[in-house]
Amino acid sequence: RVVLIIDEMHFLPDWSRRVKSQHDKIVRLKIPIQLVISGSSSLLLSKGSREAMTGRFEVLRMPHWSPRALSETFGLDPAHAAELTLEMAHFRDPWD
């Protein structure tokens, strides 16, 4: 089985209609491909998926790693893990 991952899909105009069309074609032709659509704007992704993708999707939430999780998983000093979280994480205003 092949997995096709497309990130930041919500930037493509009319993305949900396009994905729905291709998904239905893949199913109809019995092509063994699994689509994974992701993006940084959960508001835009969920809006498009509810409108056209009913029954064709599963929502997976992938929040940022907490400083504690980084520290415990990778053996980092807790203060350094906190610094990395602030440096590397990009927290967008949901109203942008």
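Refer to the structure presented above.
To start, this report covers the structure provided alongside it. (Residues numbered from 1 in each chain as written. Predicted model: local features only at pLDDT ≥ 70, side-chain atom pairs only at ≥ 80, totals over all residues. Heavy atoms only, no water.)

1. Considering the environment of Asp77
Inspection of the secondary structure assignment puts Asp77 in the loop between α3 (67-74) and α4 (78-88). Here Asp77 falls in the partly exposed class, since its relative accessible area comes to 48%. (Helix = DSSP H or I, 4+ residues; strand = E, 2+ residues; numbered from the N terminus. Buried < 20%, exposed > 50% of the residue type's maximum accessible area, 1.4 Å probe, protein only.)

2. Looking at the packing of α3 against α4
For the pair α3 and α4, interaxial distance at closest approach is 8 Å and the crossing angle is 125°. By the angle class used here, α3 and α4 are oblique. The crossing of α3 and α4 is right-handed. Contacts between α3 and α4 involve Pro67, Leu70 and Ser71 on the former and, on the latter, Pro78, Ala81, Ala82 and Thr85. Within the contact of α3 with α4, the residues separate by chemical class into five nonpolar, two polar and no charged. (Axes fitted to C-alpha atoms, helices over the stretch in contact; angles between N-to-C directions. Parallel < 35°, antiparallel > 145°, perpendicular 65-115°, else oblique. Left-handed = near helix turned anticlockwise from the far one by under 90°. Contact = heavy atoms within 4.5 Å. Nonpolar A, V, L, I, M, F, W, Y, C, P; charged D, E, K, R; others polar.)

3. Overview of the packing of aromatic side chains
Counted under the stated rule, the structure contains one aromatic pair. Pairing Trp65 with Phe74 gives two aromatic rings, centres 5.3 Å apart and planes at 35°, and the pair type is tilted. On the accessibility criterion, Trp65 (46% relative accessible area) is partly exposed. Given the relative accessible area of 52%, Phe74 is considered exposed. (Phe/Tyr/Trp six-rings, centres within 6.5 Å; stacked < 30°, edge-to-face > 60°.)

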